[in-house]
Every structure is written in C-alpha cells, then in structure tokens.
Amino acid sequence: MIELKNVTRRYQQGENAVLALDDVSLRIEAEEFVAVTGESGSGKSTFLHLIGGLDKPDAGEVVVNGLALQTASDKQLTEYRAHHLGIVFQFFNLLPTLNVLENVCLPLEFQGVGLREATVRARQMLHLVGMEKRERHFVHQLSGGEMQRTAIARALVHRPKVLLADEPTGNLDAANAEKVLEIFRRIADERLTTLVVVTHSIEVAETAERRIHLRNGAVAELVGGSTCPRNGE
Ligand SMILES: Nc1ncnc2c1ncn2[C@@H]1O[C@H](COP(=O)(O)OP(=O)(O)OP(=O)(O)O)[C@@H](O)[C@H]1O
Ligand SMILES: [Mg+2]
C-alpha cells in the first residue's frame, strides 16, 4: 500500500518558487491499478519520484508497504529499489553502454540472480514487449518506441511489488501501445503489483481502476477509470 500524508514538494528556482505538489494526501491499495493524469507541469512526475524514493518531500510523509521513505536508511532504500520497485522513467534512463538484453538483465543482477537465469528471464520479458529481435542493439541504435519497450521490460523483469511508469505509451504507435496496455492489464489481473501509471492516454486512464487527476500540484479529482471524462483534462 502506498500512502501520502500531507505531501508538499516545492522547487526554488531563483526568486520563483514552484509548488510542484501541494498538500497531497491519498492512499493506493496494494493491488490497485491507478492512472495519474493532469496537464503538463501539474506534478505527475514529481508524485512518481516521491513514491520511488528518488526525491523527498519538503513536508509530509510517503509510506510504501510500511516503509516510511524519508526516514528509511540507505540500506532500506536500496533494498526497496532493488527488490520491490520497477520504474519506467519519462526519459527511459537506459544505460547507453549496455545493449538491450544487458539493460533488461540489470535489475536481476542487482538481486544477485546468476547471468544464465537472468538472461533467460530477460529474454522472456523482451519477447513479451516485442523486442526479442533487438537484444544486441545499443540504446543509440533504437527508435524511441523501442527504448520505451526496453524500459518497460527492465522495470518488470524482477517482478516488482510496485511498478511506477511515467508516460509508458507516449512514444508508441497504436499497436505497441495496446501491447503495453495488455501487459499492464495482465499484471493488474494477477493482483501482485501496485501499478501507478502517469498518462495522457485516455485508453490507459480508462483501463486503470482509478484515476488521480492532478491540477497545479493538488488532487483535483479521484475517479474510477471507466467513468473518467473523455475530454482528458
Ligand atoms: N528540478 C526542478 N527545479 C525546479 N522546478 C521543477 C523541477 N522539477 C520540476 N519542476 C517544476 O515543478 C512542476 C511539476 O513538474 P513535473 O515534472 O512533476 O510535471 P508533470 O506533471 O510531470 O509534467 P509533464 O506532463 O510535462 O511531464 C513544473 O512546473 C516544473 O517546472
Ligand atoms: Mg512528467
């Protein structure tokens, strides 16, 4: 379960302060599939980074599966990231010196899984996202959509309890977006992973069980995915 209690995140940029998240309190249950929507700059990536323990709030508390992230030790945070968390970043963050297969093997290596088993599991994941024919490519040899699908494979290969994804279908054509959505649907059906997906896509928002809509850093509305308005904002 993910819990945010009165979370505020402020960025000071010279004389201007940006209130990226403004006193946000909410709960996401362990097996939920939640879409986070909102205009550009509304605080969606900030929200995700706080849950991922990559950033700390200026006030308030973020608790994930019982672990209070800002008071957790480095060891606990490392353990959380290595074993319990998968993240698909908005800008992918693939390692340029590794090929596709090696990028996807990485989370398993962090867990101490042997190379042979890691390779088998990484290949299964790559097959799932339709990337099996590109496993020897380096990042600069991939299209944007291929980078995205590699990032999704990497985020899921170690079967995390929490999957955070920032615009995971943003660079994909309709067929590949549907493929990714199908993977999310399957994960949500298995009820093993909390899925928090930032999206501008109506299809993704409607597939989710619930939608958290942010406006100027605050939760503007919480609605079931199937009932969210079609006009997006
Ligand atoms: N490191 C930073 N320093 C200063 N301001 C920042 C920083 N990161 C984000 N912001 C500001 O905080 C606000 C929220 O940013 P955030 O990245 O969370 O938006 P977003 O909803 O993910 O937008 P998008 O849909 O464009 O990705 C924005 O106004 C942004 O300019
Ligand atoms: Mg963003």
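Conventions adopted
- Residues numbered from 1 in each chain as written.
- Chains lettered and ligands numbered in written order.
- Predicted model: local features only at pLDDT ≥ 70, side-chain atom pairs only at ≥ 80, totals over all residues.
- Heavy atoms only, no water.
- Helix = DSSP H or I, 4+ residues; strand = E, 2+ residues; numbered from the N terminus.
- Rg over C-alpha atoms; globule rule 2.2 N^0.38 Å.
- Buried < 20%, exposed > 50% of the residue type's maximum accessible area, 1.4 Å probe, protein only.
- Contact = heavy atoms within 4.5 Å.
- Areas by Shrake-Rupley, 256 points an atom, 1.4 Å probe, with all protein chains shown as cover.
- Pairing = 2+ DSSP bridges.
- Axes fitted to C-alpha atoms, helices over the stretch in contact; angles between N-to-C directions.
- Donors = N, O, S within 2.8 Å, 3.2 Å for Na, K, Ca; no water.
- Phe/Tyr/Trp six-rings, centres within 6.5 Å; stacked < 30°, edge-to-face > 60°.
- 1 Å grid on protein atoms, 1.4 Å probe; cavity = no way out; pocket = protein on both sides within 12 Å on 5 of 7 lines; lining within 4 Å.
- Points joined across faces, edges and corners; volume = space filled by probe spheres on them.
- Nonpolar A, V, L, I, M, F, W, Y, C, P; charged D, E, K, R; others polar.

What to know about the overall build of the protein chain
Okay, step 1: A tally of helices and strands in the protein chain yields seven helices and 10 strands.
Okay, step 2: In terms of overall size, the protein chain behaves like a compact globule, its C-alpha atoms giving a radius of gyration of 17 Å where 233 residues would be expected to give roughly 17 Å.
Okay, step 3: When the 233 residues of the protein chain are sorted by exposure, 51% land in the buried category.
Okay, step 4: For the protein chain, long-range pairs separated by at least 24 residues make up 65% of all intrachain contacts whose partners lie at least 6 apart in sequence.
Okay, step 5: Just so you have it, the protein chain exposes about 11,200 Å², and 50% of that area is on carbon and sulfur atoms.

A short note on the sheet that holds strand 2 (residues 16-28)
Backbone hydrogen bonds hold the strands of a sheet together, and the pairing may be parallel or antiparallel.
Okay, step 1: The strand order across the open sheet built from four strands is 2-1-4-5, with neighbouring strands paired in antiparallel fashion. Whereas interior strands pair on both sides, the edge strands pair on one side only; in this sheet they are strand 2 and strand 5 (67-68).
Okay, step 2: Alignment of strand 4 (residues 59-64) against strand 5, held across two bridges, turns out to be antiparallel. Each residue of the ladder has a partner; that of Val64, found in strand 5, is Leu67.
Okay, step 3: Sheet contacts for helix 1 (residues 44-51): strand 1 (2-13), strand 2 and strand 4; angle to strand 1, the most-contacted strand, approximately 120 degrees.

What to know about the coordination of the magnesium ion (ligand 2)
Okay, step 1: Within the protein, the magnesium ion (ligand 2) binds to Ser45 (OG) and Gln90 (OE1); these donor distances fall in the range 2.1 to 2.5 Å. Here Gln90 lies in the loop between strand 6 (85-88) and helix 3 (100-110) and Ser45 lies in helix 1, a separation of 45 residues in the sequence.
Okay, step 2: With relative accessibility at 34%, the residue Gln90 sits in the partly exposed group.

Observations regarding the packing of aromatic side chains
Ring pairs (aromatic) are described by centroid distance and by the angle formed between their planes.
Okay, step 1: Inspection of every chain in the model, using the stated rule, returns one aromatic pair.
Okay, step 2: Taking the centre distance of 6.3 Å and the plane angle of 80 degrees together, the rings of Phe33 and Phe184 count as edge-to-face. With a gap of 151 residues between them, Phe33 in strand 3 (residues 33-37) and Phe184 in helix 6 (residues 174-190) connect regions that are remote in the sequence. We note that Phe33, like Phe184, is buried.

Side note on empty space enclosed by the protein
Okay, step 1: Following the criterion strictly, the structure yields one cavity of 30 Å³ or more and no others.
Okay, step 2: The wall of the largest cavity is formed by Leu50, Gly53, Asp55, Lys56, Pro57, Val62, Leu69, Gln70 and Leu77.
Okay, step 3: Residues that form the lining of the largest cavity fall into these classes: five nonpolar, two polar and two charged.

Some thoughts on unusual backbone geometry
Okay, step 1: A positive phi is found at Asn6, a non-glycine position, where the angle reads about 45 degrees.
Okay, step 2: With respect to the secondary-structure elements, Asn6 resides in strand 1.
Okay, step 3: In this structure, Asn93 takes a positive phi of about 55 degrees despite not being glycine.
Okay, step 4: Mapped onto the elements, Asn93 comes out in the loop between strand 6 and helix 3.
Okay, step 5: Residue class for Asn93 comes out partly exposed when judged on its relative accessible area of 42%.

Shape is all these values report; function is a separate question.
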